[in-house]
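Understanding the architecture of this molecule
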Amino acid sequence: MKILIVDDEIYARKAIAGKVDWGRLGFDEPLQAEDGVEALKILRETPVDVVVTDIRMPGMDGIELIAEAQKLFSHIEFVVISGYAEFEYARKAIQYGITEYLLKPVTKDELESVLGRICKTIETKLRETEKKRFLEKRYDISKREQYFSDLLKHCSDNVVLAGISEQLGLDFTRKYFTVLVLDYAFRENTGIGEAERNEKIISDLIQFSEKMFSRIGHAYAFQCLKKAREIVILLNHDAPGEQGRIRMIAGRVLGEWFSRPYLISSIGVGGSHKELSSLKTSYSEANFAVREKILKGRGKVLAYDQLTSALDAQYFLNDSSKKMIEKYFAARRYEKVAEQLDAIFASVRENRNRITHSVVMDLCLGLYQFLDEITVRLQKDAMRLFGGKPMRERDQKH
């Protein structure tokens with residue numbers, strides 16, 4: 001912190017400046033001024049936190065200095081030095097909210113005590129200011145996120161879209177629209193758990209993404225309200241064939257952030273569409289693409305227009321594998337059933353670059369339904385064979 005000592009007597013200034021260890025109290029070496037006029041000049045040129053001023057000085061006295069300085073610099077804390085015969089001046093200082101006084105001659109203990117209280121006051125004000133700024137920023141970000149979420153929700157209504165775009169100050173004058181979804185997660189055991197620190201990281205990621213994608217067109221990034229760990233990037237660009245450049249820049253964004261020790265992420269790229277009302281379609285495509293991380297792994301750019309499936313669920317759960325599973329199931333050779341299932345998913349792993357995650361979902365659903373059908377069918381067969389009683393009830397009697 002910086003402190004200014006104002007006194008018309010040079011010996012008095014030097015005496016105050018030499019009384020304490022300023023560095024230990026958190027101050028730089030004191031600045032000095034011989035009157036209020038010189039002090040104001042210094043205040044205009046140099047940021048100062050505390051002013052220690054004598055009251056009676058020629059030209060501009062201490063009270064006039066405080067009055068003028070408070071008009072220009074409301075954050076400065078003042079300490080008034082006065083003599084016993086200057087009570088009337090000190091009383092005037094009260095009108096300006098001055099609460100710290102030192103009577104001449106000033107002792108080291110008195111000066112340190114006053115400066116200690118001043119430092120605590122400044123620290124409290126700084127914390128309150130930082131908290132206020134954080135809350136204001138959080139409020140602005142929340143409003144922005146809500147507007148963007150509304151934009152995706154109402155993108156088929158041109159009137160609503162126009163209103164939202166105006167509220168956000170969006171420039172959607174270019175022809176094509178592409179949505180990207182950046183899915184992220186914090187790595188475990190990195191010591192990053194504080195909400196404010198995480199918000200700072202995500203805020204930096206959003207700003208970096210906007211900066212990078214603005215090379216192609218108008219780019220807007222925001223935190224998705226519905227999904228806690230998803231950043232959505234809206235890109236408005238000119239050329240329909242920009243997908244290659246979009247993927248390249250997405251790769252750079254990913255490379256920059258995936259290399260960090262505390263963050264892992266993937267990016268899904270939706271298709272490029274000509275109408276603003278197609279934003280929702282592109283967003284759905286980007287979401288579909290980013291879910292490919294299940295098969296392809298994290299840390300990759302996954303583009304919707306490059307996702308093709310050469311195989312379907314029936315390739316893995318074919319008639320032959322069904323017969324074997326049912327055969328072993330009927331014989332109660334469940335270890336063989338497990339081997340068959342392991343073989344199916346081993347084949348999925350081997351062919352993961354030839355399928356999409358939707359094939360895996362279809363396969364899992366198909367397996368569930370098939371195993372359920374076998375269970376029901378075998379149960380009915382058992383009931384017919386053993387007088388209408390379930391097989392497990394017959395087994396209990398034997």
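Everything numeric in this text was worked out from a predicted model, so none of it was measured. (Residues numbered from 1 in each chain as written. Predicted model: local features only at pLDDT ≥ 70, side-chain atom pairs only at ≥ 80, totals over all residues. Heavy atoms only, no water.)

Our next topic: unusual backbone geometry. Most peptide bonds adopt trans geometry, and most residues besides glycine take a negative phi value. Despite not being glycine, Arg 332 has its phi angle at roughly 60°, a positive value. The topology assignment puts Arg 332 in the loop between helix 13 (319-330) and helix 14 (334-350). Of the residues examined, Arg 332 reaches a relative accessible area of 38% and is grouped as partly exposed. (Helix = DSSP H or I, 4+ residues; strand = E, 2+ residues; numbered from the N terminus. Buried < 20%, exposed > 50% of the residue type's maximum accessible area, 1.4 Å probe, protein only.)

A word on a negative patch on the surface. Taken together, the side chains of Asp 8, Glu 9, Glu 34 and Glu 38 present a region of like negative charge at the surface. By relative accessible area, which is 32% here, Asp 8 ends up partly exposed. (Patch = residues over 30% accessible without salt bridge, like charges linked within 9 Å, V, L, I, M, F, W, Y side chains within 5 Å. Areas by Shrake-Rupley, 256 points an atom, 1.4 Å probe, with all protein chains shown as cover. Salt bridge = Lys/Arg side-chain N within 4 Å of Asp/Glu carboxyl O. Lys, Arg positive; Asp, Glu negative; His and termini not counted. Charge placed at Lys NZ, Arg CZ, Asp CG, Glu CD.)

The end-to-end C-alpha distance of helix 13 is 16 Å, a good match for the 16 Å that twelve residues give at a rise of 1.5 Å each. Of all the positions in helix 13, only Ser 321, Ile 325, Tyr 328 and Phe 329 are classed as buried. The buried residues of helix 13 occupy one face: seen down the axis, they fall within an arc of 105°. Turned more than 90 degrees away from the buried face of helix 13, the exposed residues are Asp 319, Lys 323 and Lys 327. A side-chain oxygen of the first residue of helix 13 lies 3.3 Å from the backbone nitrogen of Ser 320; this N-cap is Asn 318. (Expected span 1.5 Å × (residues − 1). Arc of directions from axis to C-beta. Polar contact = N/O pair within 3.5 Å; in protein donor to acceptor, adjacent residues only side chain to side chain.)

Let's shift gears to the packing of aromatic side chains. Evaluated as defined, the whole model comprises four aromatic pairs. Judged by centre distance (6.0 Å) and plane angle (90°), the ring pair of Trp 22 and Phe 27 falls under edge-to-face. Look at Trp 22 and you get buried, because its relative accessible area is 2%. On the basis of relative accessible area, Phe 27 is assigned to the buried category, the value being 4%. Aromatic side chains Tyr 315 and Phe 316 sit 5.0 Å apart centroid to centroid with 90° between the ring planes, which places their arrangement in the edge-to-face category. With relative accessibility at 42%, the residue Tyr 315 sits in the partly exposed group. Under the relative-accessibility criterion, Phe 316 is labelled buried at 5%. One Lys or Arg, Lys 322, reaches over the ring of Phe 370 and ends 5.6 Å from the middle of that ring. (Phe/Tyr/Trp six-rings, centres within 6.5 Å; stacked < 30°, edge-to-face > 60°. Lys NZ or Arg CZ within 6 Å of the ring centre and 35° of its normal.)

Among the secondary structure elements, Asn 351 is positioned in the loop between helix 14 and helix 15 (357-385). By relative accessible area, Asn 351 is classed as buried at 8%. A distance of 2.7 Å separates the side chain of Asn 351 from the backbone oxygen of Ser 347, its partner in a polar contact. When residues no more than four places from it in sequence are discounted, the contact partners of Asn 351 are Leu 311, Tyr 315 and Phe 316. (Contact = heavy atoms within 4.5 Å.)

Attention shifts here to the pairing of strand 4 (residues 77-82). By the criterion of burial, strand 4 is predominantly enclosed, with six of the six residues buried. On strand 4, burial covers both faces: Glu 77, Val 79 and Ile 81 on one face and Phe 78, Val 80 and Ser 82 on the other are all buried. Note that strand 3 (residues 50-54) and strand 4 share five bridges and pair parallel. Note that in strand 4 the partner of Val 50 across the bridge is Glu 77. For the crossover that starts at strand 3, traverses helix 4 (residues 62-72) and ends in the parallel strand 4, the hand is right-handed. (Pairing = 2+ DSSP bridges. Right-handed = clockwise from strand over helix to strand, strands pointing away.)

On to the environment of Val 6. With respect to the helices, strands and loops of the structure, Val 6 is situated in strand 1 (residues 3-6). For the pair Val 6 and Ile 81, spaced 75 residues apart in sequence, the C-alpha to C-alpha distance is 9.6 Å. Those residues within four positions of Val 6 in sequence are excluded, and the remaining contacts are Ala 33, Asp 35, Gly 36, Ala 39, Val 51, Val 52, Thr 53, Asp 54, Met 57 and Leu 65.

A few words now on the pattern of salt bridges. Under the criterion given, the structure shown has eleven salt bridges. The partner of Asp 54 in a salt bridge is Lys 104, and the shortest N-O contact between them spans 3.2 Å. Taken together, the residues Asp 54 in strand 3 and Lys 104 in the loop between strand 5 (101-103) and helix 6 (108-153) connect sequence positions 50 residues apart. As a salt-bridge pair, Glu 335 and Arg 333 come within 3.8 Å of each other at their nearest N and O atoms. Given the relative accessible area of 45%, Glu 335 is considered partly exposed.

None of the figures reported here should be taken as evidence of function without further support.
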